[in-house]
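Letter by letter, the chains look like this.
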Amino acid sequence: MSDATTPTSENGPQTGAGRKPLTHWIMAAFGAPGLPLALVGLPMAVYLPAVYAGRDGYGLSLATVGVVLMLTRFGDVITDPVIGFISDRTRTRWGRRKPYVLIGTPIFALGIWLLFLRPMEFEEVTWLGMTFNTGYPYLFFTLSLVYLGSTIKDLPYRAWGAELSANYNERTSITSWREAFGTAGSLVSAFTPAIIFFLGYTRPIDAVFFLSVAMLIVMPILVLNLLIVVPEFPVRERVQERIPLIQGLALVLQNKVYLRYILIFTVGGIGQNMTNALSFFFVEHVLVAGALYGFYLAPYFISQIAAIPLWLKLSTKIGKHRATMATIIWYSFWACGIPIIAWAPNEWFSVFQIHNLLAFLPQSWYDTIVAQFEGIETGKFLFFIIVMCLKGSAMGGLSALTQSMAADIIDVDTRTSGQQRAGAYFAISGLIGKSAAALGVFLGTSLAVWGGFDQLADPENTTNTAATLIWVACLYSVVPALFKIISMPFLWTWPISEKSLADIQQEIYSPAEGKDEAEEQTEEGKDAADEGSFEA
């Protein structure tokens, strides 16, 4: 792969847009809001089904909760394109992205408070001849409020990140900072259940209470710092004519590379959210270690943080798309071994029992710690943690690399259209990503129930058959891996390299070429980018 040099000037190195490289402080300030978001992101991803449908939660139907989670995403069909379109067209003295981050944050926070710190009790009611639990409409409306606030703040925030730098590798650094903070927040979120376990709090509903309160305190501080510290650079567009919403979205969807990216993003998202939806139920019912769930999450997210720099380094050597393929291969290899762990007898893992591993401790410490795990099968669970750490080491890199690739795609559109429409791109990505998440949760929960799984059964004396539990294990691990593997052929021939991106940006930011290209544009914004436009 050819290397693209970074332009320099007498004032130091420049990015592709003629700007100086971003400082670590600015990149950290930009990524920091990912931390409080991840504090509740983990409960939203893995605890929400357990809180509303689990035996230690509100006890609603797992399949119906899955349907409600899917239905709440329908509103995004309207809100995502509208917010992306409006933020692209907004011009204020503070920038075009910052106002939406400021507006969306309190809406999101209110939704989280209502969702996880519910001010009412659920009960069976009859309305228009129909009897149902009030928990279902309550979940629908509070979750819809969360998603509305998330859309208002997150779409402009991600578009802002794509516009923050035009440098091929610096973009990966920006997304890596964001992923690192997000993973750090997930780590705090993961450690919280483990810490409160020793205080007697073992239910998912307890963990989400503490995490929601922490998010409500930390998020306003870091978002305010973001708005003050991080610059939003002036918009540089060769074509000033505003394109209507529907036509603008149609032009975005003509970008063939973007459609390829969406396919990759969608199939992987479906699989990942199947894993998230079944994560707690797998640990509680298959490994019979629900009380230890927090102990698995903490090392899992540590492995994500530790591996991000390695994947980033690899991407600078072989390109983002091939590094992404490497993360998928690594992830899938370990994921496919998880059903074997579920099937194997506990005797195979006796060496990993907590009382064997901690035998070196002083007797008083040993007795105190081992007593906390009395009656819990820890051998298989601890071996599972090791495998999950190896599997999880791919996830931070996979997320950072794919987001960085999205920023590169937007440059292709900017070269062709003469306009910066990151909001429209991230609106469509957000909409499809949320749809994939909803479909993944629906598939995971529905297929588990279809296979005979009862989430309200007593794990110690379960009525779930061995075949049902293996089925849940496969839905949790193997099927999601297969979804990710589907995307690999589309990544192998990915056309944007560091060299081709440098050529694209040379056309975008060169005044002479920009003038020539602007004169060639039609009043409809010309054709959207296709693969052939930048493979040469």
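Keep in mind that what you see is a predicted model, and the values were worked out from it rather than measured.

What counts and how
Residues numbered from 1 in each chain as written. Predicted model: local features only at pLDDT ≥ 70, side-chain atom pairs only at ≥ 80, totals over all residues. Heavy atoms only, no water. Helix = DSSP H or I, 4+ residues; strand = E, 2+ residues; numbered from the N terminus. Buried < 20%, exposed > 50% of the residue type's maximum accessible area, 1.4 Å probe, protein only. Contact = heavy atoms within 4.5 Å. Areas by Shrake-Rupley, 256 points an atom, 1.4 Å probe, with all protein chains shown as cover. Pairing = 2+ DSSP bridges. Phe/Tyr/Trp six-rings, centres within 6.5 Å; stacked < 30°, edge-to-face > 60°. Lys NZ or Arg CZ within 6 Å of the ring centre and 35° of its normal. Salt bridge = Lys/Arg side-chain N within 4 Å of Asp/Glu carboxyl O. Expected span 1.5 Å × (residues − 1). Bend = angle between axes of the 7 residues up to and from the residue.

A. The arrangement of the overall build of the chain in detail. Secondary structure assignment for the chain yields 24 helices and 4 strands. When the 536 residues of the chain are sorted by exposure, 57% land in the buried category. Summarising the internal contacts of the chain: among those between residues at least 6 apart in sequence, 84% fall at separations of at least 24. Entry remark: accessible area of the chain is about 22,100 Å², with carbon and sulfur atoms responsible for 67%.

B. Representation of the pairing of strand E3 (residues 124-127) in the model. Sheet topology places E3 next to strand E4 (residues 130-133); 4 bridges connect them, and they run antiparallel. Among the inter-strand pairings, Trp127 is bridged to a residue of E4, identified as Met130. Following E3, the chain reverses through 2 residues before pairing antiparallel with E4; Leu128 in that reversal takes a positive phi of roughly 55 degrees.

C. Summary view of the environment of Leu37. Considering the arrangement of structural elements, one finds Leu37 in helix H2 (residues 34-53). The partly exposed category is assigned to Leu37, whose relative accessible area is 26%. Spatially, the C-alpha atoms of Leu37 and Met219 are 7.3 Å apart, while their sequence positions differ by 182 residues. Apart from residues lying up to four places away in sequence, Leu37 is in contact with Phe108, Lys153, Asp154 and Met219.

D. Fine view of the packing of aromatic side chains. This model, assessed by the stated rule, comprises 25 aromatic pairs. Ring plane angle 45 degrees and centroid distance 5.2 Å describe the contact between Phe349 and Phe383, whose orientation is recorded as tilted. In this pair, Phe349 is assigned in the loop between helix H13 (338-343) and helix H14 (354-357) and Phe383 in helix H16 (residues 379-392), connecting sequence segments 34 residues apart. Residue Phe349 is classed as buried on the basis of its relative accessible area of 6%. Taken together, the ring pairs connect Tyr47, Phe280, Phe281, Tyr293 and Phe453 into an aromatic cluster. Over the ring of Trp492 we find Arg322; its NZ or CZ atom is 4.8 Å from the centre of that ring.

E. Local environment of the pattern of salt bridges. All told, the structure shown has 6 salt bridges when counted by the stated rule. A salt bridge links Arg96 to Glu163; the nearest nitrogen and oxygen atoms lie 2.8 Å apart. Pair noted here: Arg96 is in the loop between helix H4 (76-89) and helix H5 (98-116) and Glu163 is in helix H6 (residues 135-163), with a separation of 67 residues, a long-range link. The salt bridge involving Glu163 is made with Arg97; its shortest N-O contact spans 2.6 Å. Placement of the pair is Glu163 in helix H6 and Arg97 in the loop between H4 and H5, with a sequence separation of 66 residues. Pair check on accessibility: Glu163 and Arg97 agree, each one buried.

F. Expanded view of unusual backbone geometry. Look at Val288: it is not a glycine, yet its phi comes out positive at around 50 degrees. With respect to the helices and strands, Val288 occurs in the loop between helix H10 (256-286) and helix H11 (293-318). On the accessibility criterion, Val288 (26% relative accessible area) is partly exposed.

G. Examining H6 more closely. With 29 residues, H6 extends 41 Å between its outermost C-alpha atoms, agreeing within 8% with the 42 Å of an ideal straight helix rising 1.5 Å per residue. Thr151 marks where H6 bends most, by close to 30 degrees. With 22 of 29 residues buried, H6 lies mostly within the body of the structure.

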